[in-house]
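Structural characterization, general
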Amino acid sequence: MASSASNSLSTRLLAGERLALSRMISWAENSNSRFPEALEAIWSQVGRATRTGVTGPPGAGKSTLVNELCALIREEERTVGILAVDPSSPLSGGALLGDRIRMEDRTADAGVFIRSMASRGSHGGMARSAVDAMDVMDAFGMHDVLVETVGVGQAEYDVVAAADTVLVVLCPGAGDGVQAMKSGLLELADVIAINKCDLPGADRLTSDMTEAVHLRTAGRDLWAPPVVQCSAGKREGVDDVLAAIKTHREHLKEQLDSHRRRKRIQQVRQVVGERMEEALWEEGDLTEQVEALLRTGTTPYATASNVTQSLLQTARVNQAKGIQA
Amino acid sequence: MSERRIRVLVAKPGLDGHDRGAKTVASVLRDHGMEVIYTGLHKTPAMIAEIALQEDVDVVGLSILSGAHMELFPRVRKELVERGMDQVLMIGGGIIPQDDMQTLESDGFAKLFGPGTNTGVIAEYIQTEVTKRWAASEAKA
C-alpha cells in the first residue's frame, strides 16, 4: 500500500502537479518512510537543475537578493525553485518562517515554487532534508534551484555546500571583513556579493573581501571568488551577481559531475552513519556491554575504544566469512 | 522515524492593515512547537491558497478586521479546494459577528475565534484537530 502511494505521488510529480511536488518535499522533511522509494521513482530526472546556495549573516539581504535573482532568471524563461531555510526555536521546536514575505511578488508566478523549511535542529538531518527537497524540485523540472539559509552553524553550511555554486551575501555595518573571515564563510564562497552597496562602508568591505580572497587564493590552484557589489533593494547590480554565478558554473563545467559526486558521497556517508548508529544501538546488547565496562571503572574514551575495536573485529570476521563463502 | 510537525499558514486577506493579532497568534503557535508561515499584509485569496499549497500546511488561519470576512473567507476556501487542499484545517479570527461565525462554521470553516480568546485555546484546538486528521489519513493509507 505504501508502495502504491509513493508511486502515484511520483507519477503525479513527474506529470507536473504542484501539490505532488509540495507533498513530496514534506515527505523529505518529515523523513517519511515512503520517501526513499518515491525518490527512486523520480531519480532519473534528478541532476538537470543548476543549484545555487545563498548564505550570509542575518539581515544581509539574502531573501531580497534571492527574490531579485529569481526575477532575472525568470526573464530568461527559466523556472525557479526556492528553498528558504530558517532556524527552529531551540526551546519549543517551533519556527516562524518569514523569508517568503520578501518574495511575495513571485507568488502569482506559476514558474516559481517557494518552500520554507525549518531547521528542526537535528544533527545533519536538516541538511539531508534540504538536499532531498532540492532533488525533488530538480526532478519536477525546475531549471534553477536556489537554497537560502543563514550563515551560522555546521548544519547551515552543509545545506549550501550541497549546491553547485555558493553565493555569500555580506553587507556593510554588520561587522568588518575579519568577522566574515573568521566565521568561515569565505572558504565556502564561490561568489561574494556585497549587498546594500549604497551604504557607507561598502567600498571598504569590498576591498577587504577582495584582499581576503587574494590572500587565500593567490598562487594556488583555487577558484578566486569574484566580489560583486549590489543593492538588491534598489535592483542594482543584481545582474552582475547573476553573471558571476554563471561564470563560476562555466568554470565548473568539466568538473561538475565529479563535484556533485563528491557531495553525494557526503550525503551517503551521513545516511550510512545514521543507519549504522540506529542498527548498533537498537538491540540493547551494546548498551549492556558499555555499562559493564563503565562499571569496572574505565574512562569513557577507553570504553569507546574497546567497543569500537570489538565492532570492527566482528565486521572483519564477517567479511572474511563472506569472502570464503 | 517520522519527525512531523504541524505547519500553519497565518494569512491576512484583503485590505486590512492591522496585523498585531496575526503576529501574536503566529508567535504563540511557534511557542507551541508549530512551524508558522506568515504571509504579510494584503493578500488575495488566490495568493493565500497558492502559499498554502507550496508550503503544504496542515492549517490555514485567516485574520481579518476589515469586515469583509463573508466575502473573503469563502473565496480562500474555494481557491484551496481548487488546488486539492480540501483536507486543510481552516480557522479564522478577528472582528466577526456571532451570526457570521456560525454561517462560516457551517460552510467549511472548522472554527472561528473572536476577540478575547485565550491564545493557548487556539493552539490546543489546532493540536487536537490536526492530530485527529493525521490519524485518519494514516488509517486510510
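What counts, and at which threshold
Sequence order as written defines the numbering, with residues in each chain counted from 1. Here every chain gets a letter starting at A, and every ligand a number starting at 1, in the order they are written. Residues qualify for local features only when their pLDDT is at least 70, as the model is predicted, and side-chain atom pairs are given and counted only at 80 or more; totals for whole chains, interfaces and linings, by contrast, use all residues. By convention in this description, side-chain values take in all heavy atoms of the structure and omit both hydrogens and water. We count a stretch as a helix when DSSP gives it H or I for four or more residues in a row; a strand needs E for two or more, and each element gets its number in order from the N terminus. Only the protein chains shown count as covering a residue, and every accessible area follows the Shrake-Rupley method with a 1.4 Å probe. His residues and chain termini do not enter the charge count, which takes Lys and Arg as positive and Asp and Glu as negative. In plain terms, the charge of a residue is placed at NZ if it is Lys, CZ if Arg, CG if Asp and CD if Glu. Each helix should span, by expectation, one fewer than its residue count multiplied by 1.5 Å. Here the term buried applies to any residue with accessible area under 20% of the maximum for its type, exposed to any over 50%, and partly exposed to those in between, with areas from a 1.4 Å probe on protein chains only. Contacts are assigned to residue pairs that have any heavy atoms within 4.5 Å of one another. The term polar contact refers here to a pair of N or O atoms within 3.5 Å; inside protein, the definition further demands a hydrogen-donor-capable atom paired with an acceptor-capable atom, and it admits residues adjacent in sequence only when both atoms are side-chain atoms. As used here, buried area is the combined drop in accessible area, with a 1.4 Å probe, of two parts when they are placed together. We define a salt bridge as a side-chain nitrogen of Lys or Arg found within 4 Å of a carboxyl oxygen belonging to Asp or Glu. Should DSSP find at least two bridges between two strands, the strands are regarded as paired.

**Here's the deal with the overall build of chain B**
- Looking only at helices and strands, chain B has 5 helices and 5 strands in total.
- Along its sequence from the N terminus, chain B presents helices and strands in the succession β-α-β-α-β-α-β-α-β-α.
- Dimensions of chain B, computed from the C-alpha atoms along their principal axes, are close to 45 × 30 × 25 Å.
- Of the roughly 6,400 Å² that chain B leaves accessible, carbon and sulfur atoms contribute 52%.
- Counting 16 positive and 20 negative side-chain charges, chain B places the centres of these two groups 2 Å from one another.

**Points about helix α5 (residues 119–140) of chain B**
All names here are of chain B.
- Under the 1.5 Å per step criterion, the end-to-end length of α5 is 32 Å for 22 residues, consistent within 8% with the ideal 32 Å.
- All buried positions along α5 are accounted for by Gly-120, Ile-122, Ala-123, Tyr-125, Ile-126, Glu-129, Val-130 and Trp-134.
- Contacts made by the buried residues of α5 are with α1 (20–31), β3 (59–64), β4 (89–94) and β5 (111–113).
- In this structure Asn-118 caps α5, since a side-chain oxygen of it lies 2.8 Å from the backbone nitrogen of Gly-120.

**Digging into the interface of chain B and chain A**
- Each partner contributes to the interface: chain B provides 31 residues, whereas chain A provides 29 residues.
- Of the roughly 2,700 Å² buried where chain B meets chain A, counting both sides, 47% is carbon and sulfur surface.
- Arg-120 of chain A is paired through a salt bridge with Glu-35 of chain B; the nearest N and O atoms lie 2.7 Å apart.
- At the boundary of chain B with chain A, the tally comes to 19 residue pairs in polar contact (both at pLDDT 80 or more).
- For the side of chain B that touches chain A, the secondary-structure elements that each account for two or more residues are α1, β2 (35–38) and α2 (45–55) of chain B.
- Ranked by residues supplied to the side of chain B that touches chain A, first place goes to α2 of chain B with 6 residues.
- Both strand β3 (residues 95–97) of chain A and β2 of chain B contribute to a ladder of 3 bridges, which runs parallel. Its bridge partner being in β2 of chain B, Ala-95 of chain A is matched across the sheet by Glu-35 of chain B.

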